[in-house]
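# Descriptive structure summary
This is what each chain is made of:
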Amino acid sequence: MGKSIMPIRIRKASSEDVEAVLPLVIDFATSFDTDERIFRESFIKLLESRSALVLVAEEEKYLIGYCLGFCHDTFYANGRVAWLEEIMVIASHRRRGVGEAMMETFESWAKNEGAVLSALATRRAASFYNAIGYEESASYFRKLL
């Protein structure tokens, strides 16, 4: 795994990326304030989880984006489903193929994990997902616990 679009590289995140990913997560999170301690703990747990994938987009050793997704078994889809939880590209690098490259890498991982479907929820980027072949399928509901 490590799709490159010169000079941008997409790769699996490592524990050394935690501090560089944190400001990206803070920029991404609009509904919640990021708790830095919880973020750091979660980051390491997610790197160790077989059902999760954390990707980073790197340009000349600087992180310019990240992606977090999962693959899990379902009944409705007759198999495993990939769920994209978060994807973020810094504003200066949007519309340059970075998000698409991360999505392609995520989808490749999901296929290798046996996923038959990739899904996500969004309220800010519908045109991006439509452009890369996703179609609107359902409404998103949430309840804070």
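Use the structure listed above.
A brief structural summary. Residue numbers here run from 1 along each chain, matching the order of that chain's written sequence. A pLDDT threshold of at least 70 governs which residues receive local features in this predicted model, and a stricter bar of 80 or more applies before side-chain atom pairs are shown or counted, although totals over entire chains, interfaces and linings include all residues. Hydrogens and water are ignored here; the side-chain numbers use all heavy atoms of the structure.

### Points about the overall build of the protein
For the purposes of this entry, the term helix denotes a DSSP run of H or I that reaches at least four residues, the term strand denotes a run of E that reaches at least two, and both are numbered from the N terminus. What the protein contains, in helices and strands, is four helices and six strands. When its helices and strands are written in sequence order, the protein yields β-β-α-α-β-β-β-α-β-α. A compact globule built from 145 residues would reach a C-alpha radius of gyration of about 15 Å, and the protein, at 15 Å, matches this within 12%. In terms of overall dimensions, the protein has a C-alpha envelope of 40 × 35 × 30 Å along the principal axes. By the burial criterion, 37% of the 145 residues in the protein qualify as buried. The contact criterion used throughout is that any non-hydrogen atoms of two residues lie within 4.5 Å. A sequence separation of at least 24 residues applies to 61% of the contacts in the protein between residues at least 6 apart. Entry remark: accessible area of the protein is about 9,400 Å², with carbon and sulfur atoms responsible for 51%. Each charge class in the protein was averaged separately, 18 positive and 21 negative side chains, and the resulting centres sit 2 Å apart. Radius of gyration: C-alpha atoms only; globule rule: 2.2 Å multiplied by the number of residues to the exponent 0.38. The cut-offs for exposure are 20% and 50% of the maximum accessible area for each residue type, with area from a 1.4 Å probe on protein chains only; residues under the lower value are buried, those over the upper are exposed, and the others partly exposed. Accessible surface is estimated by sampling points in the Shrake-Rupley manner with a 1.4 Å probe; for residues, cover comes only from the protein chains shown. None of His or the chain ends enter the tally, which takes Lys and Arg as positive and Asp and Glu as negative. In this description, the location of a charge corresponds to atom NZ of lysine, CZ of arginine, CG of aspartate or CD of glutamate.

### A look at a nonpolar patch on the surface
Patch membership requires over 30% relative accessible area and the absence of a salt bridge. Like charges are linked within 9 Å, and nonpolar side chains (Val, Leu, Ile, Met, Phe, Trp, Tyr) within 5 Å. Salt bridges are counted wherever a side-chain nitrogen of Lys or Arg sits within 4 Å of a carboxyl oxygen of Asp or Glu. Residues Y76, V116 and L117 make up a contiguous nonpolar surface patch of about 320 Å² in total accessible area. With respect to the helices and strands, the residue Y76 is situated in the loop between β4 (62-74) and β5 (79-89).

### Some thoughts on unusual backbone geometry
Phi at E60 is positive, roughly 50°, even though this residue is not glycine. With respect to the helices and strands, the residue E60 is situated in the loop between β3 (52-59) and β4. Although it is not a glycine, R95 sits at a positive phi angle of roughly 65°. Topologically, R95 is positioned in the loop between β5 and α3 (98-112).

### Concerning the packing of aromatic side chains
Pairing of aromatic side chains requires ring centres within 6.5 Å, counting the rings of Phe and Tyr and the six-membered ring of Trp. Pairs whose planes differ by under 30 degrees are stacked, by over 60 edge-to-face, and all others tilted. Evaluated as defined, the whole model comprises three aromatic pairs. The interplanar angle of 45° and the centroid separation of 5.6 Å between the aromatic rings of F39 and F43 together place this pair among those described as tilted. A residue pair is termed a helical-turn pair when its members lie 3 or 4 positions apart in one helix, as F39 and F43 do in helix α2 (residues 36-48) at four residues. A relative accessible area of 11% places F39 in the buried class. F43 sits in the buried class, given a relative accessible area of 4%. Between F106 and W109, the aromatic rings sit 5.8 Å apart at their centres with planes inclined by 35°, giving tilted as the arrangement. On the criterion of helical spacing, the pair formed by F106 and W109 is a turn pair, its members being three residues apart in helix α3. This pair shows no difference in class: F106 is buried, exactly as W109 is.

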